[in-house]
Amino acid sequence: MTILRRHTPRHTVRYALTVVAAGGVLAAAACSSSSSSSSAASAGSGTTSPTSTSTSASASAPAASSAAAVKSLSLAYANITSANPSLAGLATLISGAAKTAGDTVKLYDNNEDPNTAISVAQLMVNAKPDVILDWSPAPQIGTSLDTIFSRGKVPCVAVDIQIGSCPWFYLDDAGLGTSAGQVLAADMKAKGWNGSNTTFVIAQNALVGDQNNALERSGYLAVAHALPGFPTPALTGITATTTVLSASAVQINTGDEVDTAYTAMKNELQDIPAGRHIVVYGITDESTLGAWRALSGAGRTDVLLAGNGGDATGLAQLRTTPQWVVESSPFVPEWGEYLMAMAHALADGMTVPAETDAPLAVFTKANLSQYYAPGSTTVKKLPALSAADEYLAKTGVLQKFGNVTGVS
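Residues numbered from 1 in each chain as written. Predicted model: local features only at pLDDT ≥ 70, side-chain atom pairs only at ≥ 80, totals over all residues. Heavy atoms only, no water.

Caption draft 1: Structural view of the nonpolar core. Grouped together as the largest cluster of nonpolar side chains are 72 residues, with contacts concentrated most on Tyr-77, Leu-133, Met-265, Val-280, Leu-295, Met-340 and Phe-363. Per-element accounting of this core gives the leading share, nine residues, to helix α10 (residues 335-347). In contact with Leu-295, other than residues within four places in its own chain, are Met-265, Leu-269, Ile-278, Val-280, Arg-300, Val-303 and Leu-305. Counting residues in hydrophobic clusters, the runner-up holds 24 residues, among them Ala-180, Tyr-281, Ala-306 and Val-326. (Core = buried A, V, L, I, M, F, W, Y, C linked by side-chain atoms within 4.5 Å. Buried < 20%, exposed > 50% of the residue type's maximum accessible area, 1.4 Å probe, protein only. Helix = DSSP H or I, 4+ residues; strand = E, 2+ residues; numbered from the N terminus. Contact = heavy atoms within 4.5 Å.)

See the structure below:
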């Protein structure tokens, strides 16, 4: 097994997940690395006993002949936490992906606690799976986890949070935010909106850390660089404590929920003159929706909205609300199939990059049908693999899912 490093590792992110009950579908909801820092800080405190459940699977019919030769693997997956029902849903999706791939997966729970995660790592090694998939609660314990996996001679995949030399399945939130911001900038330019007549509202969650708020801040900076009248500080110059960048740009703490976002936006409206246009980019679909309810309730409908997550809330708003013009999505419900392909690549001794990018897309009203059938929240087509990630298709695993553009 060889791991290639494409470039210096970027900052870690963690997406909390929302379960859509109607379809059992997960969608990215909020960058919640607050648990990373808080868990690291409490590493010396009491821990929750590690728990595990087992899920077996049988191979499903391959979507293409290249998938027929894929062997069955025994996998272990440690979820960041299952105490939160929304996060527990990812483990369910991992199990479903394993079943489609024809693998067996045993599930573990890191309980968002570093000490528990270290104990769980040893439990997984003791079970002797072919590959370990681990969503660590804190980057600070990455070296310890890597040591356990290396000593046990079990290949590992780091999910979202980097773990030593384990190949890293990574989400480029800053790049995704920039793409969404470029769409906003084009719409604003067409309307004649700029910093002289528009206030851009960055809707952040102050609890999750500056790096994890990079998405909506990068979206703002893409607008600022494209249109006059908006300040253009470095991304690192916008922090959790930033409130006012200028008369044309503010940041509010909406959290991840509709109610908190509603209150935050309602309060901020007192300082935004009635004659100004307003643009909002939220860290989650819920934060954008809460802000929109405050705006529309106050009669401020001369606005443009950007959501993040691609969940049922965001898709519905993009379809039905004229002001909601862009939706950024990391396709979290489909992460399982990429992780299965990574696991097979490692087990097969393939050359695996140090980082494998999660699929990303920016939805607009014009292109949404490329990804979803009308009214559906189940993706019909995922973006094409990047050149660096084409190794995933060579495993034959993605062919069993039949939904990645260019993979057959």
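Caption draft 2: Main features of the packing of aromatic side chains. One pass over the structure, following the stated rule, counts nine aromatic pairs. Aromatic pair Trp-168 and Tyr-170: ring centres 4.4 Å apart, planes at 70°, arrangement edge-to-face. Judged on exposure class, the residue Trp-168 and its partner Tyr-170 are both buried. When the centroid spacing of 5.9 Å and the interplanar angle of 45° are considered together, the rings of Phe-331 and Tyr-371 count as tilted. (Phe/Tyr/Trp six-rings, centres within 6.5 Å; stacked < 30°, edge-to-face > 60°.)

Caption draft 3: Expanded view of the sheet that holds strand β18 (residues 361-363). In spatial order, the strands read β11-β12-β10-β13-β14-β15-β18; together these seven strands make up an open sheet with mixed pairing. Taken across any chain shown, the strands that pair with only one partner, and hence form the sheet edges, are β11 (244-246) and β18. Neighbour to neighbour, the strand axes of the sheet diverge by 15° on average, direction disregarded. Against the sheet, helix α5 (residues 173-191) contacts β10 (198-204), β13 (277-282), β14 (303-308), β15 (324-329) and β18, and its axis sits at roughly 170° relative to β15. Helix α8 (residues 285-297) rests against β10, β13, β14 and β15 of the sheet, and its axis sits at about 155° to β14. (Pairing = 2+ DSSP bridges. Axes fitted to C-alpha atoms, helices over the stretch in contact; angles between N-to-C directions.)

Caption draft 4: Fine view of the packing of helix α7 (residues 258-268) against α8. Relative to each other, α7 and α8 sit at 45°, their axes nearing to 7 Å. In terms of orientation, α7 lies oblique with respect to α8. In this structure, α7 meets α8 at a crossing whose hand is right-handed. Together, Val-258, Ala-261, Tyr-262, Met-265 and Lys-266 of α7 and Glu-286, Ser-287, Leu-289, Gly-290, Ala-291, Arg-293, Ala-294 and Leu-295 of α8 make up the contact between the two elements. Looking at the contact of α7 with α8 residue by residue, the class counts come to eight nonpolar, two polar and three charged. (Parallel < 35°, antiparallel > 145°, perpendicular 65-115°, else oblique. Left-handed = near helix turned anticlockwise from the far one by under 90°. Nonpolar A, V, L, I, M, F, W, Y, C, P; charged D, E, K, R; others polar.)

Caption draft 5: Main features of the state of the cysteines. Considering all chains together, one arrives at one disulfide under this definition. Here Cys-156 engages in a disulfide with Cys-166; their sulfurs sit 2.0 Å apart. Every disulfide takes its handedness from the sign of the S-S torsion; for Cys-156 and Cys-166 that torsion is -95°, giving left-handed. With Cys-156 in strand β8 (residues 156-159) and Cys-166 in the loop between β8 and β9 (168-170), the pair connects residues that are 10 residues apart, well separated along the chain. Pair check on accessibility: Cys-156 and Cys-166 agree, each one buried. (Disulfide = S-S within 2.5 Å.)

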